[in-house]
Amino acid sequence: MSGRMGPHSLPLARIKKIMKKSGDDVKMISGEAPIVFSKACELFIQELTKRSWMVTMQGKRRTLHKEDVASAVIATDIFDFLVNLVSDESSNDNLAETPSEEMETFRS
Amino acid sequence: MEPMDIVGKSKEDASLPKATMTKIIKEMLPPDVRVARDAQDLLIECCVEFINLVSSESNEVCSKEDKRTIAPEHVLKALEVLGFGEYIEEVYAAYEQHKIETMDSLKGGKWSNGAEMTEEEAAAEQQRMFAEARARMNGGATAPPKQPDLNPSLES
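A quick note: this is a predicted structure, and the numbers were derived from the prediction, not measured.

### Brief notes about the overall build of chain A
So, point 1. Helix and strand content of chain A: 4 helices and 2 strands.
So, point 2. The order of helices and strands in chain A, counted from the N terminus, is α-β-α-β-α-α.
So, point 3. For chain A, buried positions account for 45% of its 108 residues.
So, point 4. When contacts within chain A are restricted to residue pairs at least 6 apart in sequence, long-range pairs at least 24 apart make up 35% of them.
So, point 5. For chain A, the accessible area works out to roughly 5,800 Å², and carbon and sulfur atoms hold 49% of it.

Structure below.
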């Protein structure tokens, strides 16, 4: 992981906007909360990218495709909340709508 | 580059800037690796969904503690609850770093001490700077300072 620790990369106002839309009764958000989110998002994207890339490498390819991201999501427990998002994208009706702990049957 | 790229899903009017996201993504990969456009878009959508998820959980953590404002501590707790405990250390470090950098702008320069100054020391520095500013003001005014609780050992 690159040790870049510059100014917060993701725009705080945009993050705050997304936070406000995340639910129907979101409480007030402290000015510092988006800062924490900014870093967390960075780490999240880094992890998802890394895992997707591992799938790409397994396929001996040099271009990271959408399907690699989907595979990475399916193979990682904590990314369960993304299963519907990636399955909608690849329009695969075989994937279950409800999240489940073990998704080994879907390994591509 | 489309910095205002909006992903048009039902609840999401706001998305994250593609340029910044692409930079973060590319930094994780070897230089010769390419990222398909649809993969980039999907990664961004996933990130937005991540914010939604953690926001909802933070909101709940905040409610359980009977607070009215979502604070960084609530977000950190939410990360732990959702299984992203590994991120907490780095996230907290970035948060602390930001607090120091914010103080730094008051002084207008870098701390000679490096990043090891505690919050108390930083607050003390702040007080000292305010005292100096007060002294400068008092030096210019004709009337003597009237506030009795001012530190009598001000330097002009």
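Here the narrative resumes, following the displayed structure.
### Points about the overall build of chain B
So, point 1. Summing up its helical and strand segments, chain B has 5 helices and 2 strands in all.
So, point 2. N-terminal to C-terminal, the α/β element order of chain B is α-β-α-β-α-α-α.
So, point 3. In chain B, buried positions account for 37% of the 156 residues.
So, point 4. If you take every contact in chain B between residues at least 6 apart in sequence, the share linking residues at least 24 apart comes to 29%.
So, point 5. Carbon and sulfur atoms provide 52% of the accessible area of chain B, an area that totals close to 9,600 Å².

### Looking at the interface of chain A and chain B
So, point 1. Contacts between the two partners involve 52 residues from chain A, matched on the other side by 63 residues from chain B.
So, point 2. Interface of chain A and chain B: buried area, both sides summed, is about 5,500 Å²; carbon and sulfur atoms make up 71% of it.
So, point 3. Contact with chain B buries surface across chain A, with A:Arg14, A:Ile18 and A:Lys27 losing the most and accounting together for 12% of the total.
So, point 4. Taken together, chain A and chain B are joined by 1 salt bridge.
So, point 5. With a shortest N-O distance of 2.7 Å, B:Asp32 and A:Arg62 are connected by a salt bridge.
So, point 6. Linking chain A with chain B are 13 residue pairs in polar contact (both at pLDDT 80 or more).
So, point 7. Elements with a minimum of two residues in the side of chain A that touches chain B: helix H1 (12-21), strand S1 (28-29), helix H2 (33-58), strand S2 (63-64), helix H3 (66-75) and helix H4 (83-89) of chain A.
So, point 8. With 17 residues, H2(A) is the single largest residue contributor to the side of chain A that touches chain B.
So, point 9. Pairing of S1(A) with strand S2 (residues 69-70) of chain B involves 2 bridges; the strand directions are parallel.

### Quick look at the packing of H2(A) against helix H3 (residues 72-81) of chain B
So, point 1. At a minimum axis distance of 8 Å, the contact between H2(A) and H3(B) shows a crossing angle of 30°. Compared by their axis directions, H2(A) and H3(B) come out roughly parallel. When you trace H2(A) past H3(B), the crossing you get is right-handed. Only B:Pro72, B:Val75, B:Leu76 and B:Leu79 of H3(B) make contact with H2(A), whose side of the interface consists of A:Ala33, A:Val36, A:Phe37 and A:Ala40.

### A closer look at the packing of helix H2 (residues 37-64) of chain B against H3(B)
Residues and elements named next belong to chain B.
So, point 1. Packing of H2 against H3 leaves a shortest axis separation of 8 Å and a crossing angle of 115°. As judged from the angle between their axes, H2 and H3 are roughly perpendicular. Of the two possible hands of crossing, H2 and H3 adopt the one that is right-handed. Counted together, Phe-50, Val-54, Glu-57, Ser-58, Val-61 and Cys-62 of H2 and His-74, Val-75, Lys-77, Ala-78, Leu-79 and Val-81 of H3 form the full contact between these two elements.
So, point 2. Classifying every residue of the contact of H2 with H3 by side-chain character gives 8 nonpolar, 2 polar and 2 charged.

### A few points about H2(A)
So, point 1. Given a rise of 1.5 Å per residue, 26 residues ought to cover 38 Å, and the 38 Å separating the end C-alpha atoms of H2(A) matches this to within 8%.
So, point 2. The buried count for H2(A) comes to 21 of 26 residues, which makes it a mostly enclosed element.

### Description of the pattern of salt bridges
All names here are of chain B.
So, point 1. Per the counting criterion, the structure on display carries 9 salt bridges over all chains.
So, point 2. For Glu-96, the salt bridge identified is with Lys-99, shortest N-O distance 3.4 Å. Here Glu-96 and its partner Lys-99 are both found in helix H4 (residues 85-107), 3 residues apart, which amounts to about one turn of the helix.
So, point 3. For Arg-128, the salt bridge is made with Glu-125, and the minimal N-O distance between the two is 3.3 Å.

### As for the nonpolar core
So, point 1. With 55 residues, the main nonpolar core has A:Phe44, A:Leu48, B:Leu16 and B:Phe50 as its most contacted residues.
So, point 2. Looking at this core, the elements with two or more residues in it are H1, H2, H3 and H4 of chain A together with helix H1 (18-27), H2, H3 and H4 of chain B.
So, point 3. The leading source of residues in this core is H2(B), at 11 residues.

### Notes on H1(A)
So, point 1. Taken together, the buried positions of H1(A) are occupied by A:Arg14, A:Ile15, A:Ile18 and A:Met19. Down the axis of H1(A), the sector holding all buried residues measures 140°, keeping them to one side. Of the exposed residues in H1(A), the ones pointing more than 90 degrees away from its buried face are A:Ala13 and A:Lys20.
So, point 2. On its buried face, H1(A) is in contact with S1 and H2 of chain A together with H2 of chain B.

The rules behind each value
Residues numbered from 1 in each chain as written. Chains lettered and ligands numbered in written order. Predicted model: local features only at pLDDT ≥ 70, side-chain atom pairs only at ≥ 80, totals over all residues. Heavy atoms only, no water. Helix = DSSP H or I, 4+ residues; strand = E, 2+ residues; numbered from the N terminus. Buried < 20%, exposed > 50% of the residue type's maximum accessible area, 1.4 Å probe, protein only. Contact = heavy atoms within 4.5 Å. Areas by Shrake-Rupley, 256 points an atom, 1.4 Å probe, with all protein chains shown as cover. Buried area = accessible area lost by both parts, 1.4 Å probe. Salt bridge = Lys/Arg side-chain N within 4 Å of Asp/Glu carboxyl O. Polar contact = N/O pair within 3.5 Å; in protein donor to acceptor, adjacent residues only side chain to side chain. Pairing = 2+ DSSP bridges. Axes fitted to C-alpha atoms, helices over the stretch in contact; angles between N-to-C directions. Parallel < 35°, antiparallel > 145°, perpendicular 65-115°, else oblique. Left-handed = near helix turned anticlockwise from the far one by under 90°. Nonpolar A, V, L, I, M, F, W, Y, C, P; charged D, E, K, R; others polar. Expected span 1.5 Å × (residues − 1). Core = buried A, V, L, I, M, F, W, Y, C linked by side-chain atoms within 4.5 Å. Arc of directions from axis to C-beta.

Function cannot be inferred from these measures alone, as they are strictly geometric.
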